[in-house]
Amino acid sequence: LREILKQLSVELTYRADTNYINALNYYAYLHWSSSPDSVLLLSEQGLNLSEKINFHAGKLKALINIGTGHFAKGDYVKALIIENEAVTLAKELNN
C-alpha cells in the first residue's frame, strides 16, 4: 500500500483529473477491510479533488469509501452519516 501511495503522489503538482481521482477511489476500495485508515486518507483526497473539479461520480465513490472506512473502524454513527450523504448525492445524480 505504501508503494501505491508513493506512486500516486510522485508529483505534488499532479493534475487533478478524473483518472487520478478514480485511481484514489479504487485503491481505497481495495483496502477497506485491511487498512481503514488508508481508505480514509485516499478517499478524503479523492473527495477534495472531486469537489475541486466538480466531478460528481468521483465524489460519490469517495463518500461511499469514507463511510466504509468509518464502518471498518467501528465508528458506525459517522459511517451512517456519510453513507446518507452519499445516498442523497446519488439521488441527485439519478445514480
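Computed from a prediction, not measured in an experiment: that's the story for all the values here. (Residues numbered from 1 in each chain as written. Predicted model: local features only at pLDDT ≥ 70, side-chain atom pairs only at ≥ 80, totals over all residues. Heavy atoms only, no water.)

Caption draft 1: Geometry of the overall build of the protein chain. Of the regular secondary structure elements, the protein chain holds 5 helices and 0 strands. Listing each helix as α and each strand as β along the protein chain from the N terminus yields α-α-α-α-α. For the protein chain, the residues scored as buried account for 36% of the 95 residues in total. By element, 55% of the accessible surface of the protein chain is carried by carbon and sulfur atoms, the whole surface being about 6,100 Å². (Helix = DSSP H or I, 4+ residues; strand = E, 2+ residues; numbered from the N terminus. Buried < 20%, exposed > 50% of the residue type's maximum accessible area, 1.4 Å probe, protein only. Areas by Shrake-Rupley, 256 points an atom, 1.4 Å probe, with all protein chains shown as cover.)

Caption draft 2: A look at helix α2 (residues 18–30). The end-to-end C-alpha distance of α2 is 18 Å, a good match for the 18 Å that 13 residues give at a rise of 1.5 Å each. Restricting attention to buried positions, one finds in α2 the residues Y20, I21, L24, N25 and A28. Looking straight down α2, one finds its buried side chains confined to an arc of 135 degrees; they lie on one side. Across α2 from its buried face, at more than 90 degrees, point the exposed residues N19 and Y29. (Expected span 1.5 Å × (residues − 1). Arc of directions from axis to C-beta.)

Caption draft 3: A look at the nonpolar core. Within the largest apolar cluster, 10 residues are counted, these being L40, L47, L60, A62, L63, I66, I82, A86, L89 and A90. Contributing elements (two or more residues each) for this core: α3 (36–53), α4 (56–72) and α5 (76–93). Among residues more than four places away in sequence, those in contact with I66 are L40, S43, E44, L47 and I82. In this structure, L24, V39, L49 and F55 belong to the second largest nonpolar core, which totals 8 residues. (Core = buried A, V, L, I, M, F, W, Y, C linked by side-chain atoms within 4.5 Å. Contact = heavy atoms within 4.5 Å.)

Caption draft 4: Molecular detail of α5. Over its 18 residues, α5 runs 25 Å from end to end, which matches the ideal 26 Å to within 8%, given 1.5 Å per residue. Those residues of α5 that sit buried are A79, I82, A86, L89 and A90. Down the axis of α5, the smallest arc covering the buried residues is 105 degrees, so these residues share one side. Those residues of α5 that are exposed and aimed more than 90 degrees away from the buried face are V77, L80, I81, K91 and E92. Turning to α5, the residues buried within the fold contact α4. Positive backbone phi, approximately 55 degrees, marks N94, located one or two places after α5.

Caption draft 5: Examining the packing of α2 against α3 more closely. Axis separation between α2 and α3 bottoms out at 8 Å; the angle between their running directions is 155 degrees. Taken together, the axis directions place α2 and α3 in an arrangement best described as roughly antiparallel. Seen along the crossing, α2 lies across α3 with a hand that is left-handed. Of α3, the residues touching α2 (which contributes T18, Y20, I21, L24, N25, Y27 and A28) are V39, L42, S43, Q45, G46, L49, S50 and I53. Each residue belonging to the contact of α2 with α3 can be placed in one class, and the counts come to 9 nonpolar, 6 polar and no charged. (Axes fitted to C-alpha atoms, helices over the stretch in contact; angles between N-to-C directions. Parallel < 35°, antiparallel > 145°, perpendicular 65-115°, else oblique. Left-handed = near helix turned anticlockwise from the far one by under 90°. Nonpolar A, V, L, I, M, F, W, Y, C, P; charged D, E, K, R; others polar.)

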